[in-house]
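# Architecture at a glance
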Amino acid sequence: MGRMRCASAVVAAALAGWAGVSAGEPPRERLAGFTEQGSAAQRELEARFDERLRADNLREWMKRMTARPHHTGSPYGRELAEFTAGLFRSWGYETAIERFEVLFPTPRERVVELLAPVRFRARLTEPPLAEDSTSAQQAEHLPIYNAFSVDGDVTGELVYVNYGLPADYEALQRRGIDVRGRIVLARYGGSWRGIKPKVAAEQGAIGCILYSDPREDGFFQGDPYPKGGYRTADGAQRGSVMDMPVHPGDPLTPGIGATADAPRLTRDQARTLTRIPVLPISASDARPLLDALAGPVAPEGWRGALPLTYHIGPGPARVRLKVAFDWKPTPVHDVIARLPGKELSDQWVMRGNHYDAWVHGATDPVGGAVALLEEARVIGELARQGWRPRRTIVFALWDGEEQGLLGSTEWVETHAAELADRLAVYVNTDSYSRGFLGMGGSGTLEAMANQAAREVLDPERAVDLVARAKARTEVSGGPEAWRQVRERADVPLSALGAGSDYTPFLHHLGVACLDLGIGGEGQYGQYHSNYDSFDHFTRFVDPEFAYGVTLAKVAGRMTMRLASADVLPFDFAPVAESLRRWVGEIESAAARMREETAEHNRRVAEGTYLIAADPASAYVPPGRLDEVPHFNFAPLHNALERLDAAVEAWRTARASGATPASEAAAALDRRLMAAERAFTRPEGLPGRPWYRHFVLAPGVYAGYGVRTLPVPREALEQRRFAEVDPGVVVTARAIEAYAAAVEHAAALLASAR
């Protein structure tokens, strides 16, 4: 109507603007890190790679891997480790299965019981569906629960806390509602699940119940399964609530590989277990609890899609929550397959995906795992026909990812010294569905990743993956994302938090990482449920496995280019650009907080602070806040100036287009590998020393979510103002170290001409 256009028309128009060249006509510029001759040979190799990829293999392997539940420690999980290791061996890889012993609690008792004003006992089950052939395997799969909740048996009044984030508790406090001594009910969404019981405990709650509201992934989004792909009323989200912002991996061996003879903490000493009992439930089990609540009506933004009035409480709903676990050591089995490089075998490029699942895990993670297997099969076939990468390629299928990156973290901690010396890049995938390419990772890899993605076409739209990703951002991104799309040729890599197996590589060792995925259009409402199955995947996620082949094409290209380039294809300009943006963000945040604090204190002093929206509810006037001082950000700007000069020196040295001789190139690679490591410091972040990267880290209250420049940023956000300036100084030193690494690389490249 009028000037309005439907979303599909807008996307189509955006695609037309971004595509530039006709579909299927890849750019012919020299590949990053290659000579002209090497670029031509690499493209010819990739054409052969593409021709050999077979969607039928992905389908066959997925059906095999999802036939039975294969959670960490399960018999079928071990069987899949042997099965996939056998595939790698048949393709010519040097293959081993590495075992670690980790703490992995499984439930013995689970009770959620409404005691008043009426009685109701939650079923805590996901019933079989006739349309889902594997959903009846109840005896083999893990029940609905949260791993790394402590044992507990608590009874108390219920309070609905929305997403259960710090801002939600501030809203409760303004209404005079206290959760101390009570059980909280929080809906999934808004943040990673492990943050919810963490904040609840800090607020004095004695228990936490999580539930899946249909607004997030159920009937509000579309038809529920099996009519559509979205979560059923009985579907629930399992998941770990380990405090991963402290450290991932085995709770009893932080920083040390969990080998059989490793020294271990006691469970009481472990920092990553919850402090209160936690259990997830389905929407159907949550509805009677929400119905029984009285008190103020929840604010509009707190209301889900269940057919009831959302009240906050407390009470009259009174609930009992009981959980008890079998706290046993459990084996995890990582599958590691190597294809030695012909020239630089002591430099490694690693490609990983996990294979363990909460139940069947078709989308998460088997979709990504079978794409990796197909990449490995074809690369092995090319190697048997005479091609060999310059660097060693290492494929990994990780176990125990779902519980807290157990397999990858323990492997990295065990092999830390060797990896610090040899690993150039780690490339990660996880789950995927139909839709748009997403890329996150180290800025040094941005140019290479975009160049590779431009040479892969979307299987439905016949435009390259970068063009389609930019079109989506133009339609639905925020102002900053839209500006970057318009002003930059490349899609920026998103900064990485702690959401998958790249975490120990990037945040503990300082290895440059990529994390790749495709999604946004599949009907994936079965996250961590019994119904994330082969039947669901082949109906609603990627029926033809076309996007699985596409993921294999783009990840395979990047892996082969990294392994075969004459010089590692790193570029430092995107890093400098991102750092300057992040410094500007923290400066703006400080100025904004200063203004907001002054306005807040003025209203408190005048007694004119806004009254609660519900006039019948209690209202607690807020108190004064500490004034926000002015901070000294000059050390960061000085470090950025040095980095800008180093980047310019690197670009000048690289401008001739020549490539150093092999010995000089190997030495240059070592300098390039040292750059990301320069962002790390051996003492680690304050209060959580396992995380050593001083530019990127998962947020203490963000879970998976990243916090850039984490030391000063989180000190500011948490109003620990005395720690901001020291945090600026230590972060500036990390950037200075990075600048020095770039200077050394530029000098070596210039001298090799």
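Since the structure is predicted, the reported quantities are computational estimates derived from the model, not experimental observations.

Further remarks concern the pattern of salt bridges. According to the stated counting rule, one finds 51 salt bridges in the structure shown. Arg121 serves as the salt-bridge partner of Glu113, at 3.9 Å between the closest nitrogen and oxygen. Judged by its relative accessible area of 14%, Glu113 falls in the buried class. Judged by relative accessible area, Arg121 falls into the partly exposed class, the value being 48%. Between Asp644 and Arg580 there is a salt bridge, with its nearest N and O atoms 2.4 Å apart. On the criterion of sequence distance, the pair formed by Asp644 in helix 19 (residues 634-654) and Arg580 in helix 18 (residues 573-606) is long-range, its members being 64 residues apart. Assessed through its relative accessible area of 32%, Asp644 is described here as partly exposed. Take Arg580: its relative accessible area is 35%, and that puts it in the partly exposed class. Several salt bridges converge on common partners, so that one network encompasses Arg43, Glu46, Asp50, Glu455, Arg557 and Arg561.

Let us look at the pairing of strand 11 (residues 391-398). Counting buried positions along strand 11 gives 8 out of 8 residues, so the element sits mostly inside the fold. Where strand 9 (residues 318-339) lies against strand 11, 5 bridges are found, and the strand directions are antiparallel. Counted as the bridge partner of Arg338 is Val394 from strand 11. Summarising the sheet, strand 10 (residues 344-354) and strand 11 pair through 8 bridges and their orientation is parallel. Among the inter-strand pairings, Leu344 is bridged to a residue of strand 11, identified as Arg391. Read as a crossover between parallel neighbours, the route from strand 10 over helix 9 (residues 362-384) to strand 11 is right-handed.

Among the nonpolar cores identified, the biggest contains 213 residues, and Phe88, Met350, Phe505 and Leu579 are the most heavily contacted of them. Contact partners of Phe88, with chain neighbours within four places excluded, come to Tyr93, Thr95, Val335, Ala337, Leu372, Leu373, Ala376, Phe395 and Leu397. Listed in part, the 9 residues of the second largest apolar core include Trp690, Tyr691, Val711 and Val730.

Before going further, it helps to spend a moment on empty space enclosed by the protein. What the rule picks out here adds up to 3 cavities of 30 Å³ or more. Estimated volume of the largest cavity: approximately 160 Å³. Gly441, Ser442, Gly443, Trp582 and Leu696 are, among the 17 residues lining the largest cavity, the residues nearest its centre. Of the residues belonging to the lining of the largest cavity, the class tally is 9 nonpolar, 6 polar and 2 charged.

Inspection of the secondary structure assignment puts Glu157 in strand 4 (residues 152-160). With relative accessibility at 28%, the residue Glu157 sits in the partly exposed group. In contact with Glu157, other than residues within four places in its own chain, are Arg182, Ile183, Pro314, Gly315, Ala317 and Arg318. Reaching out from Glu157, the side chain makes a polar contact with the side chain of Arg182 at a distance of 3.0 Å.

Take helix 4 (residues 75-90) next. Taking 1.5 Å as the rise per residue, helix 4 with 16 residues should run 22 Å; its terminal C-alpha atoms sit 23 Å apart, in good agreement. Every buried residue of helix 4 is accounted for by Tyr76, Gly77, Leu80, Ala81, Thr84, Ala85, Leu87 and Phe88. Looking one or two places after helix 4, you find Gly92, whose phi comes out positive at around 100 degrees.

This next bit is on unusual backbone geometry. Peptide bonds are, in most cases, trans, and in most cases residues other than glycine have a negative phi. Of note, the bond from Ala116 into Pro117 is cis; its omega dihedral lies within 30 degrees of zero at 5 degrees. Within the secondary structure, Pro117 sits in the loop between strand 1 (94-116) and strand 2 (120-121). Here the amide bond leading from Gly313 into Pro314 is cis, since omega sits at 5 degrees, within 30 degrees of zero. Unlike most non-glycine residues, Leu124 shows phi in positive territory, near 55 degrees. For Leu124, the position within the fold is in the loop between strand 2 and strand 3 (146-147). Using a relative accessible area of 5% as the deciding quantity, one classes Leu124 as buried. Its identity is not glycine, yet Leu405 carries a phi of approximately 60 degrees, on the positive side.

Scoring rules and cut-offs
Going along each chain's sequence as written, the residues are numbered from 1 onward. Given that this is a predicted model, residues contribute local features only at a pLDDT of at least 70 and side-chain atom pairs are listed and counted only at 80 or more, while totals for whole chains, interfaces and linings are drawn from all residues. Only hydrogens and water are set aside; all other atoms, that is, all heavy atoms of the structure, feed into the side-chain values. Definition used for salt bridges: Asp or Glu carboxyl oxygen within 4 Å of a side-chain nitrogen of Lys or Arg. Remark: exposure states derive from per-residue accessible area (1.4 Å probe, protein chains only) relative to the maximum for the residue type, with buried under 20%, exposed over 50%, and partly exposed in between. Secondary structure elements follow DSSP: runs of H or I of four or more residues count as helices, runs of E of two or more count as strands, with numbering from the N terminus. The criterion for strand pairing is that DSSP finds at least two bridges linking the strands in question. We call a crossover right-handed when, viewed with both strands directed away from the observer, the connection leading from the first strand over the helix to the second proceeds clockwise. Each nonpolar core is a collection of buried residues, namely Ala, Val, Leu, Ile, Met, Phe, Trp, Tyr and Cys, held together in the definition by side-chain atoms within 4.5 Å. Residues are treated as being in contact if the distance between any of their heavy atoms lies within 4.5 Å. The way it works is a 1 Å grid over only the protein atoms, where trapped points that fit a 1.4 Å probe form a cavity and open points with protein on both sides within 12 Å along at least five of seven lines form a pocket, and then any residue with an atom within 4 Å of a point lines it. Grid points are joined across faces, edges and corners, and a volume is the space filled by probe spheres set on the points. Three categories are distinguished: nonpolar for Ala, Val, Leu, Ile, Met, Phe, Trp, Tyr, Cys and Pro, charged for Asp, Glu, Lys and Arg, and polar for the others, with Gly belonging to the last. Counted as a polar contact is a pair of N or O atoms within 3.5 Å, where, for protein atoms, one must be capable of donating a hydrogen and the other of accepting one, and residues adjacent in sequence contribute only when both atoms are in side chains. Each helix should span, by expectation, one fewer than its residue count multiplied by 1.5 Å.

Keep in mind these values describe shape, not function.
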